[in-house]
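What follows is each chain in one-letter form.
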Amino acid sequence: MADEALFEFLHMEIVSHIYKEQQSTKPELDNKDRAVCVSVLEGMGFRVGQGLIERLTRDSPSFKDELDIMKFICKDFWTKVFRRQIDNLRTNHQGTYVLQDNKFALLTQISSGKQYLDQAPKYLAFSCGVVRGALSNLGLDSVVTAEVSVMPSCKFQVVIQKL
């Protein structure tokens, strides 16, 4: 329980630090500055995801297909990182997956409802990077985006890039 709170606090402080650092050069952040912050957070998450998936799959047999990898991400990986499984996994069987978490851990401390909905994207960039990094180390290049309509519910859309 204590380690969950520490991770959530650390995550909030990292996000705050990245945005304050970017804001130190200008009084007001524009869309370009916000994009830089999101990119930095996503990059940090990418590296964390790579490291985590290496440790989690060290003793696992190889996966047979893309869907098998996504099931692993939703059950085992998500449980290790966020202490619960994904609530729903959907796919169109053409490389697009939607992972829904109705009580996303990194949003529950911020708000319930629509009060801070505009602040949600900056708290999801790191998580998108974690998922993308994990998938990258499993051999799947992807684009991961997150969408929030009501907090703390969140949908992650994973689009696998075909080579």
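Per an unreviewed UniProt entry, the chain goes by Trafficking protein particle complex subunit 6B and derives from Salarias fasciatus. Turning to the chain, the UniProt annotation filed under Function (unreviewed entry) states: "Component of a transport protein particle (TRAPP) complex that may function in specific stages of inter-organelle traffic. Specifically involved in the early development of neural circuitry, likely by controlling the frequency and amplitude of intracellular calcium transients implicated in the regulation of neuron differentiation and survival." Quoted verbatim from the Sequence similarities (unreviewed entry) field of UniProt, the annotation for the chain is "Belongs to the TRAPP small subunits family. BET3 subfamily."

Trainee: I tried to follow the pattern of salt bridges on my own but got confused; where do I start?
Mentor: Two side chains that carry opposite charge are able to pair once their charged atoms sit near each other. Scanning the model with the defined rule gives four salt bridges in all. We note a salt bridge from Glu66 to Lys162, for which the minimum N-O separation is 3.0 Å. With Glu66 in helix α3 (residues 66–82) and Lys162 in the segment after β4 (154–160), this pair connects stretches of sequence that are 96 residues apart. We note a salt bridge from Arg84 to Asp101, for which the minimum N-O separation is 2.2 Å. Residue Arg84 is located in the loop between α3 and β1 (88–91), and its partner Asp101 is located in strand β2 (residues 96–101); the two are separated by 17 residues in the primary sequence. Accessibility expressed as a relative area gives 25% for Arg84, which makes it partly exposed. Through salt bridges with shared partners, a single network forms among Arg84, Asp87 and Asp101.

Trainee: Would you take a moment to explain the nonpolar core for this structure?
Mentor: Nonpolar side chains tend to gather and get buried jointly when the protein is soluble and globular. In terms of nonpolar packing, the biggest core is built from 42 residues, with Leu99, Phe104, Leu107, Phe156 and Val158 touching the most fellow members. The set of elements that each furnish at least two residues to this core consists of α1 (2–23), α2 (31–56), α3, β2, α4 (105–108), α5 (120–137) and β4. Excluding its chain neighbours within four sequence positions, the residues that come into contact with Val158 are Met70, Gly95, Thr96, Tyr97, Leu99, Val131, Leu135, Ser142, Val143 and Val144.

Trainee: Help me out: how do you make sense of the sheet that holds β1 in this one?
Mentor: Adjacent strands of a sheet pair through backbone hydrogen bonds, lying either parallel or antiparallel. The four strands are arranged β1-β2-β4-β3 in an open sheet whose pairing can be described as antiparallel. Among the strands making up the open sheet, the edge pair consists of β1 and β3 (142–147). For this sheet, the mean angle separating the axes of adjacent strands, direction not counted, is 15°. The sheet contact formed by β3 and β4 spans six bridges and is antiparallel. Within β4, the residue paired with Val143 across the bridge is Val159.

Trainee: Even after reading the chapter, I still don't get the side chain of Lys122, so can you show me in this structure?
Mentor: As for its position among the elements, Lys122 is in helix α5. A relative accessible area of 19% places Lys122 in the buried class. At 2.8 Å, the side chain of Lys122 forms a polar contact with the side chain of Gln119.

So, how was this worked out
Here the residue numbers are simple positions, counted from 1 along each chain's written sequence. Totals for whole chains, interfaces and linings use every residue, but because this is a predicted model, local features are given only for residues with pLDDT of at least 70 and side-chain atom pairs only at 80 or more, for both listing and counting. Computation of side-chain values covers all heavy atoms of the structure but excludes hydrogens and water. UniProt positions are given in the numbering used here, feature names are shortened, and annotations may be inferred rather than shown by experiment. Salt bridges are defined by distance alone: a side-chain nitrogen of Lys or Arg within 4 Å of a carboxyl oxygen of Asp or Glu. Secondary structure elements follow DSSP: runs of H or I of four or more residues count as helices, runs of E of two or more count as strands, with numbering from the N terminus. Relative accessibility decides the category of a residue: with a 1.4 Å probe and only protein chains considered, values under 20% of the type maximum give buried, values over 50% give exposed, and everything between is partly exposed. For this analysis, a nonpolar core means a set of buried residues of the types Ala, Val, Leu, Ile, Met, Phe, Trp, Tyr and Cys, connected via side-chain atoms within 4.5 Å. Any pair of residues with heavy atoms lying within 4.5 Å of one another is described as a contacting pair. Paired strands, in this sense, are two strands between which DSSP finds at least two bridges. Fitted lines through C-alpha atoms serve as axes, helices being fitted only where they are in contact, and the angles separating the N-to-C directions of these axes extend from 0 to 180 degrees. Definition of a polar contact: a pair of N or O atoms within 3.5 Å, with one able to donate and the other able to accept a hydrogen when the atoms are protein atoms, and with sequence-neighbouring residues admitted only if both atoms are side-chain atoms.

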